[in-house]
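Summary of the model geometry
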Amino acid sequence: MAKRVGIEVSLAISEAVKLANVDVIAAYPITPQTHIVEHLSELVADGHLDAEFIPVESEHSAMSTCCGSSASGARTYTATCSQGQALMLEICYIAPALRLPIVMTVANRSLSGPISIWNDHSDMMMSRDTGWIQTVAENGQEAFDLTLHAFRVAEDPRVLLPTIVNVDGFTLTHVIEPIEILDQKEVDRYLPPYQPQMRLDPTNPVSIGPVGMPEVYTEAKKAQDEAIKGAKQVILEAWQEFGDMFGRYYKPVETYRTDGAETLLVTMGSLSETAMIAVDQMRTDGKNVGLVRLRLFRPFPFEEFLAAVRGVKQIAVMDRALGLNGAGGPLATEVKAALYDEPERPYIWNYVAGLAGRDVTIENFVEMADGVEAAAADGVRQGYTIINVRE
Amino acid sequence: MIEIRFHGRGGQGAVTSAELTALAAIEQGKYAQAFPSFGPERRGAPVMAFVRVSDEPIRTREKIYEPNIVVVLDPTLLEIVNVAAGLKKDGIVVLNTTKTAKEIRKVSGINAKLALVDASRIAIETMGIPITNTTLLGAMLKATDLLPLTALEGPLQERFGRVAAKNIKAFQRAYEETVVEE
């Protein structure tokens with residue numbers, strides 16, 4: 001039976017990885033991910049988890065080891081963030097190309113400089129085009145549930161792609177809150193043992209990862225593109241089944257009080273629940289404001305997103321990273337691209353907020369909704385604002 | 001929803017206080033959120049830790065700006081930190097001190113309700129070390145109706161193992177000796 005416990009979110013993620021009965025963990029500790037791999041190393045050392053814990057010398061080695069391990073048919077996990085993920089990025093591109101179903105937690109954190117260890121989505125955006133499936137947790141329970149979902153999706157023979165579960169660093173990883181921890185029987189029912197389709201095996205030798213000459217590279221990339229697009233159906237099925245088993249249903253795009261909304265806030269991650277409080281306040285004040293949250297970031301859920309925003313007048317998109325391309329944040333750029341083919345497009349203003357741990361308050365979300373309405377009414381050309389800047 | 005801010009110095013156990021409070025509340029079937037002031041850990045430097053306790057699921061991830069309860073583990077902090085910053089109108093400050101309420105108000109300018117306990121002495125007498133975190137939890141429960149006295153015993157037992165008995169004793173003594181001044 002599942003048990004409701006007070007637990008630090010990092011440790012709950014470790015428990016999910018343990019319940020997934022992984023074979024290999026190769027990781028290098030980096031704040032704010034440290035508690036996850038620290039606890040996993042304890043679980044292995046104390047004999048609670050029968051796995052190889054490989055303490056590598058860098059994140060580049062962590063992902064290289066994960067690739068080797070996964071290619072040999074082992075269920076493989078790692079965790080990282082920020083500078084560490086930047087260091088492993090070279091190999092992050094290789095894992096999906098080789099169709100290796102590694103699962104990785106990214107405890108989202110800003111990128112230096114200035115040197116910073118605090119929470120934002122810069123690392124998520126850095127790895128957005130690596131070809132990994134990416135989901136985004138809003139709270140501790142989701143961090144636990146999405147970790148199990150990630151193994152289920154990644155290893156599905158129709159998918160075979162590595163999967164990142166994004167979890168806001170500190171804002172989630174370092175918080176103690178009530179989380180329902182499933183028991184081993186329940187997890188085993190949801191997550192069958194990994195059945196590799198092809199693996200490195202000395203008795204049946206194959207080559208994995210050879211050079212792709214110009215004659216095959218394009219075809220290989222087309223196949224990879226089809227794979228990540230096709231993954232969505234499996235992602236949906238795996239969420240449906242999770243809901244049927246455990247009562248918590250997840251969708252790629254979640255809506256909150258969007259009925260009759262003229263203005264929508266768009267968010268990802270742990271601040272989405274703060275935004276809900278702002279929406280409640282604004283609804284009480286008679287403003288027609290709703291909230292749309294992306295739980296699936298890769299593949300981008302175009303269809304569901306368009307359905308969620310269709311018919312509204314204006315959208316305030318909150319980015320937790322700055323694109324430094326003159327166009328604000330990366331999420332708003334994608335939202336605009338998604339809407340381009342729509343016959344009627346809402347007005348969009350982009351708010352870059354909560355960089356490197358800067359607090360985003362309930363009041364800030366009210367300001368975003370009011371701000372996009374005012375800008376749309378004034379007919380200002382669509383743009384972006386970095387909020388909470390000390391002038 | 002009750003919001004609590006703990007002030008201590010790095011190494012005194014402010015974060016542990018916050019964690020134990022949240023764990024106790026969750027065990028009681030409530031909702032709670034405990035978090036440190038995020039960042040590098042610095043032994044001896046002023047640090048804060050935060051807790052929210054509620055009967056409803058907690059959605060906000062804002063920092064805590066207007067606490068209902070402030071707990072101060074180290075008496076020397078009063079002179080360098082405005083511990084009552086943002087305290088709600090009917091809020092309370094729980095202090096480790098040997099001073100009287102009158103002296104405290106004079107030094108700090110705090111007008112709010114005070115709960116005073118000589119936590120350092122209790123900690124040294126019961127545990128042999130001046131770590132006041134569990135002691136102050138006893139004072140906090142005396143001064144508020146946040147949780148029943150027994151709620152902390154399970155989490156204290158689990159966290160401190162073989163030294164749990166001493167911590168529980170310090171916690172209970174503080175509960176008895178704390179003086180609340182309106």
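**Looking at the overall build of chain A**
The helix and strand inventory of chain A stands at 13 helices and 15 strands. For the C-alpha atoms alone, the extent of chain A along its principal axes is close to 70 × 55 × 45 Å. Burial statistics for chain A: of 391 residues in total, 59% are counted as buried. Counted over contacts in chain A with a minimum sequence separation of 6, partners at least 24 positions apart contribute 81%. When the accessible surface of chain A is totalled, it reaches about 15,900 Å², and 52% of it is carbon and sulfur.

**Side note on the interface of chain B and chain A**
At the junction of the two partners, chain B supplies 22 residues and chain A supplies 30 residues. Here chain B packs against chain A, burying approximately 1,900 Å² in sum over the two surfaces, 56% of which is carbon and sulfur. Contact with chain A buries area across many residues of chain B, yet B:Phe38, B:Arg59 and B:Arg61 alone supply 42% of it, more than any other trio. The interface formed by chain B and chain A holds three salt bridges in total. Inspection of the chain B/chain A interface yields ten residue pairs in polar contact (both at pLDDT 80 or more). When the residues that make up the side of chain B that touches chain A are grouped by side-chain class, the tally is twelve nonpolar, four polar and six charged.

**So, the pairing of strand β2 (residues 31–36) of chain B**
Residues and elements named next belong to chain B. In terms of residue burial, β2 counts as a mostly covered element, since five of its six residues are buried. Across six bridges, the pairing between β2 and strand β3 (residues 46–54) is antiparallel. Within the sheet, the bridge partner assigned to alanine 32 lies in β3 and is valine 53.

**Overview of the side chain of B:Thr135**
As for its placement among the helices and strands, B:Thr135 is situated in helix α4 (residues 133–143). When sequence neighbours within four positions are dropped, the list of residues in contact with B:Thr135 reads B:Ala119, B:Ile122, B:Ala123, B:Met127, B:Ala170, B:Phe171 and B:Ala174.

**Quick notes on the pattern of salt bridges**
Scanning the entire structure with this criterion turns up 35 salt bridges over all chains. The partner of A:Lys232 in a salt bridge is A:Glu303, with the nearest N and O atoms 3.7 Å apart. Note that A:Lys232 is positioned in helix α9 (residues 214–246) and A:Glu303 in helix α11 (residues 302–309), a separation of 71 residues in sequence. Judged by its relative accessible area of 14%, A:Lys232 falls in the buried class. Close ionic contact of B:Arg173 with B:Glu125 constitutes a salt bridge, the shortest N to O distance being 3.0 Å. Residue B:Arg173 is found in helix α6 (residues 164–177), and its partner B:Glu125 is found in helix α3 (residues 119–127); the two are separated by 48 residues along the sequence. For B:Glu125, a relative accessible area of 48% translates into the label partly exposed. Each of B:Asp118, B:Arg121, B:Glu125, B:Arg173 and B:Glu177 takes part in salt bridges that share partners, so that together they form one network.

**Describing the environment of B:Gly44**
Residues and elements named next belong to chain B. Inspection of the secondary structure puts glycine 44 in the loop between β2 and β3. Sequence separation between glycine 44 and proline 130 is 86 residues; the distance between their C-alpha atoms is 13 Å. When neighbours within four sequence positions are excluded, glycine 44 is seen to be in contact with Arg9 and Gly10.

**What about the confidence of the model for chain B?**
Residues of chain B with pLDDT of at least 70 account for 100%, and the chain-wide mean is 94. Within chain B, the element-level pLDDT minimum falls on helix α2 (residues 101–108) of chain B, averaging 92, and the maximum on strand β4 (residues 69–72) of chain B, averaging 98.

**Focus: the sheet that holds strand β15 (residues 384–386) of chain A**
All names here are of chain A. The six strands are arranged β9-β11-β10-β13-β14-β15 in an open sheet whose pairing can be described as mixed. With one partner strand each, in any of the chains shown, β9 (253–256) and β15 form the two edges of the open sheet. Adjacent strand axes in the sheet meet at a mean angle of 20° when their direction is disregarded. Contacts from helix α10 (residues 272–284) reach β9, β10 (263–267) and β11 (289–294), with the element oriented near 165° to β11.

**A word on a nonpolar patch on the surface**
The grouping of A:Leu322, A:Leu324, A:Tyr384, A:Ile386 and A:Val389 at the surface amounts to a nonpolar patch, some 450 Å² of accessible area in total. Mapped onto the elements of the fold, A:Leu324 is located in the loop between β13 (314–319) and α12 (330–339).

**Section: the sheet that holds strand β3 (residues 52–55) of chain A**
All names here are of chain A. Ordered by their spatial adjacency, seven strands build an open sheet running β3-β2-β4-β5-β7-β6-β12, and the pairing between neighbours is mixed. Of all the strands in the sheet, just β3 and β12 (296–298) have a single pairing partner and so form its edges. With strand direction ignored, the average angle separating the axes of adjacent strands in the sheet is 20°. Where strand β2 (residues 24–27) meets strand β4 (residues 76–80), two bridges bridge the pair, whose relative direction is parallel. Each residue of the ladder has a partner; that of valine 24, found in β4, is threonine 76. Against the sheet, helix α7 (residues 140–154) engages β4, β5 (103–108), β6 (133–136) and β7 (163–168), with an angle of about 170° to β7. Strand contacts of α9: β6 and β12, with the helix running at about 40° to β6, the strand carrying the most contacts.

Conventions used here
- Residues numbered from 1 in each chain as written.
- Chains lettered and ligands numbered in written order.
- Predicted model: local features only at pLDDT ≥ 70, side-chain atom pairs only at ≥ 80, totals over all residues.
- Heavy atoms only, no water.
- Helix = DSSP H or I, 4+ residues; strand = E, 2+ residues; numbered from the N terminus.
- Buried < 20%, exposed > 50% of the residue type's maximum accessible area, 1.4 Å probe, protein only.
- Contact = heavy atoms within 4.5 Å.
- Areas by Shrake-Rupley, 256 points an atom, 1.4 Å probe, with all protein chains shown as cover.
- Buried area = accessible area lost by both parts, 1.4 Å probe.
- Salt bridge = Lys/Arg side-chain N within 4 Å of Asp/Glu carboxyl O.
- Polar contact = N/O pair within 3.5 Å; in protein donor to acceptor, adjacent residues only side chain to side chain.
- Nonpolar A, V, L, I, M, F, W, Y, C, P; charged D, E, K, R; others polar.
- Pairing = 2+ DSSP bridges.
- pLDDT = per-residue confidence, 0-100.
- Axes fitted to C-alpha atoms, helices over the stretch in contact; angles between N-to-C directions.
- Patch = residues over 30% accessible without salt bridge, like charges linked within 9 Å, V, L, I, M, F, W, Y side chains within 5 Å.

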